[in-house]
Amino acid sequence: MSLETLVSDYGTFGLFAGSGFEGETVAMLGGVLAHRGLLDVWAAILAVAAGSFLTDQIFFLAGRKFRNSPRVRRLQAGPAGARVLRAFHRRRDLFVFGFRFAYGLRMASAVTIGTTAYPWGRFALLNAAAALSWAATFVALGYLCGQAIETLFGHLRAHIHYPLAIVAVGLCSLALLWVMKRRRTGG
């Protein structure tokens, strides 16, 4: 079975499964695969959004069900949990929509929000809108990385294109992290 067949047969499921845990990288690789013509860009966006949405719903409901467990209390007592609670209490709806864009706080945010009295239906609605906009953003970035590689090097064979795409996605991720860190520290 060729790589193209494997990706076209299982690609969107892989994006769905991977986006919940290794979000930005998987989403950007979905965009690269869409640029290569191995996946439909809209299918990639929807698969990434659905996987991300479902994972956050599970973490929210876990926070709701296990709010008094020692593990959840440790999560909330740690630095990430404290930051999440402070930001959440300042602007609840805006935080619920935007937490997935804050690298490294996604799981802690969903669990911590689940421990509050925030309504599940409202969380689901804002989470769905955020998952779709987040997926569209990062799949588009991956698509543009694939386009940039093709512009720089021409149409390459898959075994050359994929390592370059992975490097480009990694560099884009590092640049994004650097910008977010500078914004957070006010520098």
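Calculation notes
- Residues numbered from 1 in each chain as written.
- Predicted model: local features only at pLDDT ≥ 70, side-chain atom pairs only at ≥ 80, totals over all residues.
- Heavy atoms only, no water.
- Helix = DSSP H or I, 4+ residues; strand = E, 2+ residues; numbered from the N terminus.
- Patch = residues over 30% accessible without salt bridge, like charges linked within 9 Å, V, L, I, M, F, W, Y side chains within 5 Å.
- Areas by Shrake-Rupley, 256 points an atom, 1.4 Å probe, with all protein chains shown as cover.
- Salt bridge = Lys/Arg side-chain N within 4 Å of Asp/Glu carboxyl O.
- Phe/Tyr/Trp six-rings, centres within 6.5 Å; stacked < 30°, edge-to-face > 60°.
- Buried < 20%, exposed > 50% of the residue type's maximum accessible area, 1.4 Å probe, protein only.
- Core = buried A, V, L, I, M, F, W, Y, C linked by side-chain atoms within 4.5 Å.
- Contact = heavy atoms within 4.5 Å.
- Axes fitted to C-alpha atoms, helices over the stretch in contact; angles between N-to-C directions.
- Parallel < 35°, antiparallel > 145°, perpendicular 65-115°, else oblique.
- Left-handed = near helix turned anticlockwise from the far one by under 90°.
- Lys, Arg positive; Asp, Glu negative; His and termini not counted.
- Charge placed at Lys NZ, Arg CZ, Asp CG, Glu CD.

Visitor: With reference to specific residues and values, describe the environment of alanine 17.
Guide: With respect to the helices, strands and loops of the structure, alanine 17 is situated in helix α1 (residues 3–19). Residues alanine 17 and alanine 50, 33 residues apart in the sequence, show an inter-C-alpha distance of 9.2 Å.

Visitor: Just give me the short version of a nonpolar patch on the surface, but keep the residues and values in it.
Guide: A surface patch of nonpolar side chains, amounting to about 390 Å² of accessible area, comprises Phe13, Phe16, Leu54 and Ile58. Mapped by element, the contributors of at least two residues to the nonpolar patch are α1 and α3 (41–65). Turning to its location among the elements, isoleucine 58 is positioned in helix α3.

Visitor: I'd like a description of the packing of aromatic side chains, backed by residues and values.
Guide: Scanning the model with the defined rule gives 7 aromatic pairs in all. An angle of 15° between the planes, with centres 4.2 Å apart, marks the rings of phenylalanine 60 and phenylalanine 123 as stacked. Remark: phenylalanine 123 occurs in helix α8 (residues 120–153) and phenylalanine 60 occurs in helix α3; sequence separation between them is 63 residues. Of the two residues, phenylalanine 60 and phenylalanine 123, neither departs from the other in class, the shared state being buried. Aromatic pair phenylalanine 99 and phenylalanine 123: ring centres 6.2 Å apart, planes at 10°, arrangement stacked. In this pair, phenylalanine 99 is assigned in the loop between α6 (92–98) and α7 (106–115) and phenylalanine 123 in helix α8, connecting sequence segments 24 residues apart.

Visitor: I'd like a description of the nonpolar core, backed by residues and values.
Guide: A general feature of soluble globular proteins is that nonpolar side chains tend to end up buried together. With 18 residues, the main nonpolar core has Leu15, Ala27, Val48, Trp134, Ala135, Phe138 and Val139 as its most contacted residues. Elements represented by at least two residues in this core include exactly α2 (23–35), α3 and α8. Among the elements that take part in this core, α8 stands out by supplying 6 residues, more than any other. With residues up to four places along the chain from it excluded, the contact list for valine 139 reads Ala27, Gly30, Gly31, Val41, Ala44, Ile45 and Val48.

Visitor: Now, about the packing of helix α4 (residues 70–77) against α7: what can you tell me, with residues and values included?
Guide: Remark: α4 packs on α7, axes separated minimally by 10 Å, with the N-to-C direction vectors making an angle of 110°. It follows that α4 is roughly perpendicular to α7 by the angle criterion. Two packed elements cross with a definite hand, and for α4 against α7 that hand is left-handed. Two secondary-structure elements touch here, α4 through Val72, Leu75 and Gln76 and α7 through Ala108, Val111, Thr112 and Thr115.

Visitor: Give a description of a positive patch on the surface that names residues and reports values.
Guide: A grouping of Arg83, Arg86, Arg90, Arg91, Lys181 and Arg184 is seen on the molecular surface, where their side chains present a positively charged patch. Of all the elements in the fold, those that place two or more residues in the positive patch are α5 (79–90) and α9 (158–185). With 3 residues, the top contributor of residues to the positive patch is α5. Tracing the backbone shows arginine 184 in helix α9.

Fair warning: the whole summary comes from geometry, so function is off the table for now.
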